[in-house]
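A closer look at the structure
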Amino acid sequence: MLEHLPALQVVVPLIAAPLIVLVRNRRFAWLAATAASWACLAIAIGLALRVAEAGTVSYALGSWPPPWGIEYRVDALNAFVLVLVSLVAALVAPYAWTSVAAEVEPDRQYLLYAMYCLCLAGLLGIAITGDAFNIFVFLEISSLSMYVLIALGPQRKALVASYQYLLLGTVGATFYVIGVGLLYLKTGTLNLADMSERLRTVEELRPVLAALAFITVGIGLKLALFPLHQWLPNAYAYSPSMVTAFIAATATKVSVYVLLRFYFTVFDPAPIFERLPTREVFIALSVAAMVVTSLVALFERDVKRLFAYSSVAQIGYITLGIGVDNLASLTGSVVHLLNHGVTKGAIFLLLGGVALRSGAVSMSVGSLAGLGRRMPLTAFGLVIAGFSLIGIPGTAGFITKWYLILGAIDRGLWWLVAVIVATSLIAVAYVWRVVEAAYLRPADEAPAKRAEAPLTMLVPALAMTALCVYFGFETSFSVGGAREAAELLLRGVR
Amino acid sequence: MKDDIILRVIAKLTMPFMVLFAVYVQFHGDFGPGGGFQAGVIAAAAIVFYAIIFGLAAGQRLVPEWLVEKMLAAGVLLYAGVGVAGLLLGGNYLDYFVLAHDPVHGQHRGIFWVEAGVGLTVAGVMLKVFYMFAGRGRIDEEEGA
Amino acid sequence: MSQIAAHYSYWITIFLMVAGMYILIARGNLMKKLVGLATLQTSVYLLYIAPGKLIGGTAPIVAEGFATYSNPLPHVLILTAIVVGVATLALGLAIVVRIREAYGSIEEDEILALDRDAADPAD
């Protein structure tokens, strides 16, 4: 069974989903979803260990040898992403029982768990496959289930948010398919490794340039690159708490992985990057993302939207690392996939606990008043996760900023160092708004009963928060894995 | 529409042929245009046709809601099951070569069952979508919206 | 000129793609936006399938006397893409039906106005 781990990584949640629909019982649905998530974590860790000792793992689906068949290919970069996605899933799934029971109607809950399993299967599939069209199929599986998950939110605005995301996300996927089509017409293959080999010897470069443009814009829509981020704040703010935590920590990160894979592995041999200002464009868009959305977060009233805009800014940090394009900054980018994943996951899980206890559908910053007294553990967790968001030393966020700044200095871009520090200061400002409301503002109602979130929700949320601190000190997996992945990417050959 | 005798008679005459055509398309996918998705849609279209002429309630008596949801899930599990069967018989996931005594027959068997799963799911999905949309309009009319 | 005329399938693809995107952006009715999305996706199907037919190629079933076969792979890819498109359209329509029930309208500006008015600046 061990050599079939790559296939099982996707098959386990994929089988869980129709089983949940067949049995139609809420408790079974939650148990199946949790079991599938934990199994995925075990499989992802197994794969990461195998890649660490034996190098790239290749698995031919259907026993058709690549490049004719679809190949699942795990190397240092995707092993990292697989562990990230399954780690978040393993923590969110046990949290979901109480949270979903409070926010979604009882006869719809099993459908939410089925969609969650499909989304997990899709995200893991995107990360593990080595075939360009297979990426599109899994991209759409995860996206379609995400639209459903978002639409299950308690307010009617969730429907509009889901519709908006559907339109923009489908346009993104369609652009990606157009890019892959142009590449297929030029190279005759869909296997990523084979495509990169054939692009080495291609003469007419204009279709390849067009393909690069289409794929960049398409994936940019999926990862909420600066001007294409319009769907994100509404989608995060109005979906159920467990859904926000799950997609905030995973969906955009997997799309970043696709971008990295195409830029550094597929397009690398083709002589196009020297003629294009891609680095400058990425740096410009990233700086715009970091500055503009951090400023919007500063003035945003709704707490979940505030952190959603913060997510767009953090994605700006990741794409900044891609733009600066040296070992240190790429290490920073890849490690931020994990660090931001656990940070935002922790924040949204904790906010879900607050939403459960306060009973409100939407929370403004003001409604967090007195949180420090009402829910001390949750408030403390929010402070720690907020520190990680800012990049205080001792938290995961600091590790990322360290590597990004190192990378910028290596390239002599001192103004970029100033921008990174300045946006971290803006992050201090908006995290301070939350902390000030929680600890320094007196609550309106007189008796502030201490009512923490239930244990099934509190334990996963605090575990995720603990990971923010853990990855700030024990960086052998996070930075070690990221550095290996960055070296692999810069080397180019697979 | 169930009061119009011409429509009723024509519907009852053509429905069996539609279902037969769906079965034909399902099994001739490897020799001509066809396969699971197309067959599922045609089969669902036959039931939808019946429901349009004789009313949604009659359609739901023919193919009840719970059956449609089970069809949906069962088709996906059938497809995944073929993949797992390949795993258990010694090949990779979705390996058809090991499913029978020689590779060519294995491919035939694998594609047969996989397409059956696809047809089942697609028919289920199309019917479910129809029931959802048709059922909703009714509620709108009753409330006079 | 004959070069331009020979690539007529690409011209149709581009026209459908741009028309679809225009409808998606310019029309405020949610249902019409979905129509634009469907048109955009149809252009992609054409992009894949038209180059698959080789001039002088026969159907892709091995037979005696034929050396050139048309490419069957684009058809398989597009079948998958069509199913994805159908699923997206079905989901989009379901969401539009629910929006109509929740807001009473499917015009984008009316919905945004309702959301803006209903958003009480709480606390």
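Predicted model only: the values in this text are computed from it and were never measured.

1. Brief notes about the overall build of chain B
- Within chain B, the regular secondary structure consists of five helices and zero strands.
- Reading the secondary structure of chain B in the N-to-C direction produces α-α-α-α-α.
- The C-alpha atoms of chain B give 19 Å as radius of gyration, which overshoots the globular expectation for 145 residues (15 Å, by more than 25%).
- For the C-alpha atoms alone, the extent of chain B along its principal axes is close to 60 × 30 × 20 Å.
- Relative to its 145 residues, chain B shows a buried fraction of 34%.
- Across chain B, the fraction of contacts at a sequence separation of at least 24, relative to all contacts at a separation of at least 6, is 61%.

2. Quick notes on the interface of chain A and chain C
- Chain A puts 25 residues into the contact, and the matching count from chain C is 27 residues.
- The set of elements that each furnish at least two residues to the side of chain A that touches chain C consists of helix H5 (132-151) and helix H6 (157-187) of chain A.
- Here the side of chain A that touches chain C takes 14 residues from H6(A), the largest share from any one element.
- Its residues placed into classes, the side of chain A that touches chain C shows 15 nonpolar, seven polar and three charged.

3. A short note on helix H11 (residues 278-299) of chain A
Residue and element names in this part refer to chain A.
- Spanning 22 residues, H11 covers 32 Å between terminal C-alpha atoms, matching the ideal 32 Å at 1.5 Å per step.
- When we look at burial in H11, the residues that qualify are Phe 282, Ile 283, Ser 286, Val 287, Ala 289, Met 290, Thr 293, Ser 294 and Ala 297. End-on, the buried residues of H11 take up no more than an arc of 165 degrees, which puts them together on one face. Facing away from the buried side of H11, by more than 90 degrees, are the exposed residues Glu 280, Val 281 and Phe 299.

4. A look at the environment of B:Ala80
- Checked against the element boundaries, B:Ala80 lands in helix H4 (residues 65-88).
- The buried category is assigned to B:Ala80, around which 20 C-beta atoms lie within 10 Å.
- Taking C-alpha positions, B:Ala80 is 8.9 Å from B:Gly117, a pair spaced 37 residues apart along the chain.
- Apart from the residues lying within four places of it in its own chain, the contact partners of B:Ala80 are A:Val11, A:Leu14 and A:Ile15.

5. With respect to unusual backbone geometry
Residues and elements named next belong to chain A.
- A cis amide bond, omega 5 degrees, links Pro 66 with the succeeding residue Pro 67.
- Counting through the fold element by element, Pro 67 comes out in the loop between strand S1 (57-60) and strand S2 (71-74).
- The phi dihedral of Ser 63 is positive, around 60 degrees, even though this residue is not glycine.
- With respect to the helices and strands, Ser 63 occurs in the loop between S1 and S2.
- Overall, Ser 63 belongs to the partly exposed group, with 18 C-beta atoms counted inside 10 Å.
- At Ala 224, a residue that is not glycine, the phi angle is positive and equals roughly 60 degrees.
- When you line up the elements, Ala 224 lands in the loop between helix H8 (206-223) and helix H9 (231-238).

6. Remarks on the interface of chain B and chain A
- Counting residues at the interface gives 17 residues for chain B, matched by 13 residues for chain A.
- Residues belonging to the side of chain B that touches chain A are distributed by class as follows: 11 nonpolar, three polar and three charged.

7. Some thoughts on the domain arrangement of chain A
Residues and elements named next belong to chain A.
- Along its sequence, chain A is organised into domain 1 (1-171 + 232-263) and domain 2 (277-494).
- Taking only C-alpha atoms into account, the centre of domain 1 sits 22 Å from that of domain 2.
- Listed by partner, the interface residues are 32 residues for domain 1 and 38 residues for domain 2.
- If you list the elements that add at least two residues to the side of domain 1 that touches domain 2, you get helix H3 (76-103), H9 and helix H10 (241-266).
- In terms of residue class, the side of domain 1 that touches domain 2 is built from 23 nonpolar, seven polar and two charged.

8. Looking at the packing of helix H1 (residues 5-23) of chain A against H4(B)
- Relative to each other, H1(A) and H4(B) sit at 155 degrees, their axes nearing to 8 Å. One way to sum up the angle between H1(A) and H4(B) is to call them roughly antiparallel. Remark: the crossing between H1(A) and H4(B) carries left-handed chirality. From H1(A), A:Val11, A:Leu14, A:Ile15, A:Pro18, A:Val21 and A:Leu22 reach across to H4(B), where they touch B:Glu69, B:Lys70, B:Leu72, B:Ala73, B:Ala74, B:Val76, B:Leu77, B:Ala80 and B:Gly83.

9. A short note on H8(A)
All names here are of chain A.
- When the terminal C-alpha atoms of H8 are compared, their 25 Å separation across 18 residues agrees well with the 26 Å that a helix rising 1.5 Å per residue should span.
- Elements in contact with the buried residues of H8: H6, helix H7 (192-199), H10 and helix H12 (303-324).
- Ala 224 sits one or two residues past H8 and shows a positive phi near 60 degrees.

What counts, and at which threshold
Residues numbered from 1 in each chain as written. Chains lettered and ligands numbered in written order. Predicted model: local features only at pLDDT ≥ 70, side-chain atom pairs only at ≥ 80, totals over all residues. Helix = DSSP H or I, 4+ residues; strand = E, 2+ residues; numbered from the N terminus. Rg over C-alpha atoms; globule rule 2.2 N^0.38 Å. Buried ≥ 20, exposed ≤ 12 C-beta atoms within 10 Å, placed from the backbone. Contact = placed C-beta atoms within 7 Å. Nonpolar A, V, L, I, M, F, W, Y, C, P; charged D, E, K, R; others polar. Expected span 1.5 Å × (residues − 1). Arc of directions from axis to C-beta. Domains from an automatic or database assignment. Axes fitted to C-alpha atoms, helices over the stretch in contact; angles between N-to-C directions. Parallel < 35°, antiparallel > 145°, perpendicular 65-115°, else oblique. Left-handed = near helix turned anticlockwise from the far one by under 90°.

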